[in-house]
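One-letter residues, chain by chain:
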Amino acid sequence: MNLRIGTFGKQESAAIVLLASFIGGCFSFDSRALFGNGNASYLVQILALIQSLLLFEAVVWALRVRGGNDLSALIGDARWKKALAVPLILALLIAAIQPLGSFLVTVTEYVFVESKQVTVCLYLLPSLFLLTVLGAETIVRTARVLLPILLLSIVAALLSGLGQYRWYRLYPIPFRDPYGIFMLAGSAQLRTCAPLLALLCIGEGTQDRMAMRNAGRIGAIAGGLTAAAALFALSLTFPYTELKMMPSPFYRMLVEVRAENPTLRLDRAVLFLWLGAAVLIAAFYLYAACVLFAKTFGVRDSRPPALLLSGIAVTLMLVLYYDSELTVAVLQGLYQNSWALISVPIPLILIRRKRRTRTCAASE
Amino acid sequence: MRRIGMILFCLTLLCSCMQSKNIDEYAYVLNVGVERGTTMPYLVTLVVSSPGGSEETKVRNEVISAEAMSFSEAYETLNAAYPSRLSFARASLLAIGEDLARSGEQTEFLNFAFGKPDLWPNLRVVIAKEPIRDVFEGWISEADPSLRRIKTAVGDLEKSSGITPDTGYSMYLEAVSGAGFDAMLAYAGTNEYTLTEDLPGGEAYPIVGGSLLVESLLNTSVAGSAVFDGDRMVGVLDGRHTMETLMVTGAFRRGELAFRLPDGYTIRVTLYRTHAPKIRIDGQQASVTVYLEADPYAPQTIAMESETLKAYLEAQLETELDAVLKALQHVNSDAMGFGRYAVKRFYSAADWEAYDWKADYRTMRVVFEVNVMLSHSPHDPETE
């Protein structure tokens, strides 16, 4: 087997989960749905994080009981294992293209205004493919290196908007519709659950199950709460009436800075730093999908599926983020319903297939 | 093979060198103005900074304009007719003509202007009383080639004197989108000594941009504010009434006001905000408490007890705040931002959007309470 998982420590694993949770939480949402009925985005993020941690703990518990290091060990024990792996691979694929697609729109709308999306995508494809082929160790160690500067950029971005924060923008908080908040948290589950799912797929490289569990907990909680803080800052910067129609709210937050503010020219630098992180995260998800695919379908090398999934991801991104009525509807459907790709198969994976005992087999 | 691969990979990093443009090829737009045109619906005026000018400054500022149907049309026309490529990367001030602002058409026109040509709603906004070309030319001076002075002056005026609001276009957009308040923008004009009446009235000499008795290098002044009902400008507040409105919005920091005492003696008092104002809304009733520190100029010349002076200042300010509110209610402008507190009672966006806040605001009764703390006691005649 040439799966190129390698070996990495708890810090690296926590760093990639943290990055993925932050990027997913802040750049993978449908503004119309999230801010359509007021502003509870930060609460939704925290609820989705709790739901995802519960699923993660359930899987880790099952691994401890049955003795396995990664998700494929559980899938191997489950009934209809291939049918259960396919939605998870799809979930990781969608989780990879959502933040990248969001950045693609931002970059073509506001930075390279004369370029087409396809041109920008051509630059994304080689880096995505290269990282996916190089494997988990390269990806997670790069995440560890990138993490401090990314955290610094988040702090700088939140501080630069300090003068623009107003408390009244938080209202109305849609407490009258708690069911709506829970539904939004449910649909946000893909972006909080995908980092943990990807970590579970490459669990073999995390040395042991305990290290994986701790890294998952630390990364998901730190990343999820950072994303919730960033969403809270966003809610203080813009009212929900503007947010629900805003294509790139975090980039808009960076350019709201006044001319005399020393952080005025920070927007482009931070945008490309976040874009780099999004490419790394997309590669992480695609690589995890490759490993899951290879282990479930018996492919002995991760590189062919890496090439395949990178190509599919970039193509899907180009199709889905092409601004037309049909693609907008499809994209909204994906944002709202893709949670089912994780929340339905995971409980089924936890149910162990009944093995035929020898005595039964002999009597037959 | 690896070397060829590395060279190909490095080539992909050179993408920014393709179609690159030298920095000297750009001319930077510093101010953007839009007003009603004579032949076409809109007139877009830009102040452009380009290489040249005197030995000292090395740049020259020019005012260029084009009439057009849309902002992008004006931009393309001006770009084609100007020797350098126009860049909005350094633009930081937007002026809207008063005639256009009173019609309310500027929002739709400007909505299509932002984003694409590197123009962002973080611009400061002023309402121009006179033709924008005259207003911009009044700001151009050899001593200030970057036109920085006038922009920082708007911010400084809000912080240090409170006679004009420092509002960005994004804040204006927020007001227009129904966030629970109406916009209040800085008011600018050339110093032609034509008086502008402010909404509440009562001042012999209202401090308003374009009506100041000033002879200076800069012929354009900013003072007072233009108040809006949604996206339509409905009136002007002078410097004093702007300051009082800012006391309620919470943006007031410091300012100086003159008060005529019952004995006919006029005192000047510097006011400081000590706490954020407290506003409570209960149906059609509201209460506003404003906390100020008052520092009277030459207190030894004031023949009044501390407590009497304090009570007098409080009563004066309460009366004036009430008058400003009534004038604003009359033109249906919630420039004081009571809607920002009204929205707190709602737990659903649909309920808030279905509620006609302005209908209640027009008839709302507000009780103002001003708490003044004197920093220096005046001369007390009884202690002599």
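As the structure is a computational prediction, the values presented were derived from the model and not from experiment. (Residues numbered from 1 in each chain as written. Chains lettered and ligands numbered in written order. Predicted model: local features only at pLDDT ≥ 70, side-chain atom pairs only at ≥ 80, totals over all residues.)

Undergrad: Please clarify how the overall build of chain B should be interpreted in this entry.
TA: Scanning chain B from N- to C-terminus turns up twelve helices and 13 strands. Burial statistics for chain B: of 384 residues in total, 44% are counted as buried. Put simply, 68% of the contacts in chain B that link residues at least 6 apart link residues at least 24 apart. (Helix = DSSP H or I, 4+ residues; strand = E, 2+ residues; numbered from the N terminus. Buried ≥ 20, exposed ≤ 12 C-beta atoms within 10 Å, placed from the backbone. Contact = placed C-beta atoms within 7 Å.)

Undergrad: Would you take a moment to explain the overall build of chain A for this structure?
TA: Secondary structure summary: chain A contains 18 helices and zero strands in total. Over its C-alpha atoms chain A spans a radius of gyration of 20 Å, differing by no more than 12% from the 21 Å that the globule rule assigns to 364 residues. Viewed in the frame of its principal axes, chain A has a C-alpha envelope of about 80 × 45 × 40 Å. Burial status across chain A gives 52% buried among its 364 residues. (Rg over C-alpha atoms; globule rule 2.2 N^0.38 Å.)

Undergrad: In this structure, what is going on with helix α6 (residues 117-134) of chain A? I would like to understand it.
TA: Because the α-helix completes a turn every 3.6 residues, residues three or four places apart line up on one side. All names here are of chain A. Its 18 residues place the ends of α6 26 Å apart at the C-alpha level, agreeing with the 26 Å of an ideal helix rising 1.5 Å per residue. At Leu124, α6 is bent by approximately 25 degrees, the largest bend along its length, and proline Pro126 sits one to four residues beyond. Buried within α6 we find Cys121, Leu124, Leu128, Phe129, Leu131 and Thr132. (Expected span 1.5 Å × (residues − 1). Bend = angle between axes of the 7 residues up to and from the residue.)

Undergrad: Quick question: what am I supposed to make of the environment of Gly333 of chain A here?
TA: Assignment of secondary structure puts Gly333 of chain A in helix α15 (residues 325-337). Note: C-alpha distance between Gly333 of chain A and Leu348 of chain A (15 residues apart in sequence) is 24 Å.

Undergrad: Sorry, what's going on with the interface of chain B and chain A here?
TA: The figure often quoted for interface size is the accessible area lost as the parts come together. The interface of chain B with chain A comprises 26 residues on the first partner and 25 residues on the second. Taken together, the elements giving at least two residues each to the side of chain B that touches chain A come down to α6 (148-160), α7 (169-176) and α11 (349-354) of chain B. Counted by class, the side of chain B that touches chain A contains ten nonpolar, eleven polar and five charged residues. (Nonpolar A, V, L, I, M, F, W, Y, C, P; charged D, E, K, R; others polar.)

Undergrad: Hey, could you run me through the domain arrangement of chain B in this one?
TA: All names here are of chain B. Domain boundaries in chain B define domain 1 (25-248) and domain 2 (253-384). Computed over C-alpha atoms only, the centres of domain 1 and domain 2 are separated by 29 Å. Counting residues at the interface gives 23 residues for domain 1, matched by 26 residues for domain 2. Sorting the residues of the side of domain 1 that touches domain 2 by element identifies α6, β8 (220-229), β9 (232-237) and α8 (239-249) as the ones contributing at least two each. The greatest single-element share of the side of domain 1 that touches domain 2, amounting to seven residues, is contributed by α8. Residue composition of the side of domain 1 that touches domain 2, by class: eleven nonpolar, seven polar and five charged. (Domains from an automatic or database assignment.)

Undergrad: How do you make sense of the nonpolar core when you look at a structure like this?
TA: General note: in soluble globular proteins, nonpolar side chains tend to be found buried as a group. Counting 234 residues, the largest nonpolar core has Leu19, Leu92, Tyr285 and Leu286 of chain A as the members making the most contacts within it. It is helix α13 (residues 266-297) of chain A that provides the largest number of residues to this core, a total of 22 residues. Two domains share this core, each providing at least three of its residues, namely domain 1 (25-248) and domain 2 (253-384) of chain B. Contact partners of Leu19 of chain A, with chain neighbours within four places excluded, come to Ala143, Leu146, Leu147, Leu150, Gly223, Ala277, Leu280 and Ile281 of chain A. (Core = buried A, V, L, I, M, F, W, Y, C linked by C-beta atoms within 7 Å.)

Undergrad: It is not clear to me how the sheet that holds strand β13 (residues 365-374) of chain B should be interpreted in this structure. Could you clarify?
TA: Residue and element names in this part refer to chain B. Strand order across the open sheet formed by four strands is β10-β11-β12-β13, with mixed pairing between neighbours. Of all strands in the sheet, those with a lone pairing partner are β10 (254-260) and β13, marking the two edges. Mean inter-strand twist for the sheet, computed between neighbouring axes without regard to direction, equals 40 degrees. As judged from the ten bridges shared by strand β12 (residues 285-296) and β13, these two strands associate in the parallel manner. (Pairing = 2+ DSSP bridges. Axes fitted to C-alpha atoms, helices over the stretch in contact; angles between N-to-C directions.)

Undergrad: Honestly, the pairing of β8 of chain B in this entry has me stumped. Any pointers?
TA: Each regular strand carries side chains that alternate between the two faces of the sheet. All names here are of chain B. In terms of burial, β8 is largely enclosed, as nine of its ten residues are buried. Alignment of strand β7 (residues 184-190) against β8, held across six bridges, turns out to be antiparallel. Across the sheet, Gly189 pairs through a bridge with Ser221, a residue of β8. Strand direction decides the pairing type here: β8 and β9, joined by five bridges, are antiparallel. Looking across to β9, one finds that Asp229 is bridged to Arg232. Between β8 and β9, which pair antiparallel one after the other, the connecting turn spans two residues, and Gly230 there sits at a positive phi close to 65 degrees.

Undergrad: Hey, could you run me through the packing of helix α1 (residues 10-27) of chain A against helix α5 (residues 81-111) of chain A in this one?
TA: Residue and element names in this part refer to chain A. At a minimum axis separation of 9 Å, α1 and α5 run at an interaxial angle of 60 degrees. Judged by the angle between their axes, α1 and α5 are oblique. When the axes of α1 and α5 are compared, the crossing they make is left-handed. Of α5, the residues touching α1 (which contributes Ile23, Gly24 and Phe27) are Ala95, Pro99, Ser102 and Phe103. Among the residues making up the contact of α1 with α5, the classes are represented as five nonpolar, two polar and no charged. (Parallel < 35°, antiparallel > 145°, perpendicular 65-115°, else oblique. Left-handed = near helix turned anticlockwise from the far one by under 90°.)

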